[in-house]
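As a plain string of letters, each chain reads:
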Amino acid sequence: MPQYIEDDVVKRLRDPKTRRDAFSQVVAAYSEKLYWQIRKMVLGHEDANDILQNTFLKAWTNLDNFRGEAKLSTWMYKIAVNECITYLNKQRAQNNVPLDDTDVYLLQTLKADEYFDGDELDEKLQNAILSLPEKQRLVFIMKYKDDLKYEEISEILGTSVGALKASYHHAVKKIEAILTDDI
């Protein structure tokens with residue numbers, strides 16, 4: 001497969017003759033990164049795979065709507081995040097889970113996942129992350145776990161950098177409080 005150069009791939013995505021091949025490059029370039037972003041949000045392996053497929057399907061069907069104002073990677077992350085939020089909201093509704101109990105539902109999902117092999121500390125960290133409000137959790141995952149820059153997160157979530165910094169700060173303080181509570 002040719003080297004992935006985003007500007008070239010975007011040009012090829014705009015041409016109907018090269019669109020399919022260019023999209024194959026997009027899938028190859030972003031599958032693993034998006035999978036782990038999704039997995040950190042929904043926790044279950046099977047759910048993450050399903051959402052990843054939905055993300056690529058949505059991207060493919062909406063290629064004509066990609067205006068190039070943001071990087072293609074940012075656009076892909078935004079689709080993945082929105083797919084995760086849609087999935088989580090649907091799960092909450094199906095399971096009659098109140099918004100403030102989401103962490104319990106997701107933690108049960110994590111524990112039931114055959115691919116989760118976390119120890120007690122990892123479970124405690126996951127529980128702390130899941131206790132955050134959804135927006136803080138998204139910001140924390142993207143900044144702390146994915147090491148995205150605030151500017152990238154701002155484009156993905158459509159929130160100001162200042163608001164993101166505040167959300168991240170509050171998230172870190174809440175997680176620290178939970179993790180040091182037993183010490």
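Residues numbered from 1 in each chain as written. Predicted model: local features only at pLDDT ≥ 70, side-chain atom pairs only at ≥ 80, totals over all residues. Heavy atoms only, no water.

Novice: I'm lost on empty space enclosed by the protein in this one. Help?
Specialist: Taken as a whole, this structure holds two cavities of 30 Å³ or more when the rule is applied. What the largest cavity holds in volume is close to 50 Å³. Contributing to the lining of the largest cavity are Met41, Ile85, Leu88, Glu134, Arg137, Leu138 and Ile141. Of all elements in the fold, only helix 4 (72–94) and helix 7 (134–145) reach the threshold of two or more residues within the lining of the largest cavity. In terms of residue count, helix 7 provides more of the lining of the largest cavity than any other element does, four residues in total. Class assignment of the residues belonging to the lining of the largest cavity gives a composition of five nonpolar, no polar and two charged. Its volume calculated, the second largest cavity comes out at about 40 Å³. The set of elements that each furnish at least two residues to the lining of the second largest cavity consists of helix 6 (120–130) and helix 7. (1 Å grid on protein atoms, 1.4 Å probe; cavity = no way out; pocket = protein on both sides within 12 Å on 5 of 7 lines; lining within 4 Å. Points joined across faces, edges and corners; volume = space filled by probe spheres on them. Helix = DSSP H or I, 4+ residues; strand = E, 2+ residues; numbered from the N terminus. Nonpolar A, V, L, I, M, F, W, Y, C, P; charged D, E, K, R; others polar.)

Novice: Could you clarify how one ought to interpret helix 8 (residues 150–157) in this entry?
Specialist: Along helix 8, the residues that are buried comprise Tyr150, Ile153, Ser154, Ile156 and Leu157. Take helix 8 and look down its axis: the buried residues cluster within an arc of 165°, on one side only. Just past helix 8, the residue glycine 158 takes up positive phi, approximately 70°. (Buried < 20%, exposed > 50% of the residue type's maximum accessible area, 1.4 Å probe, protein only. Arc of directions from axis to C-beta.)

Novice: Where do I start with the pattern of salt bridges in this structure?
Specialist: If the charged atoms of two oppositely charged side chains come close together, the side chains can form a pair. In the structure shown here, the tally under the stated rule is six salt bridges. With its nearest N and O atoms 2.7 Å apart, the salt bridge here joins lysine 58 to glutamate 83. Placement of lysine 58 in helix 3 (residues 45–61) and of glutamate 83 in helix 4 is noted, with a sequence separation of 25 residues between them. Arginine 67 serves as the salt-bridge partner of glutamate 69, at 3.2 Å between the closest nitrogen and oxygen. Judged by its relative accessible area of 65%, glutamate 69 falls in the exposed class. (Salt bridge = Lys/Arg side-chain N within 4 Å of Asp/Glu carboxyl O.)

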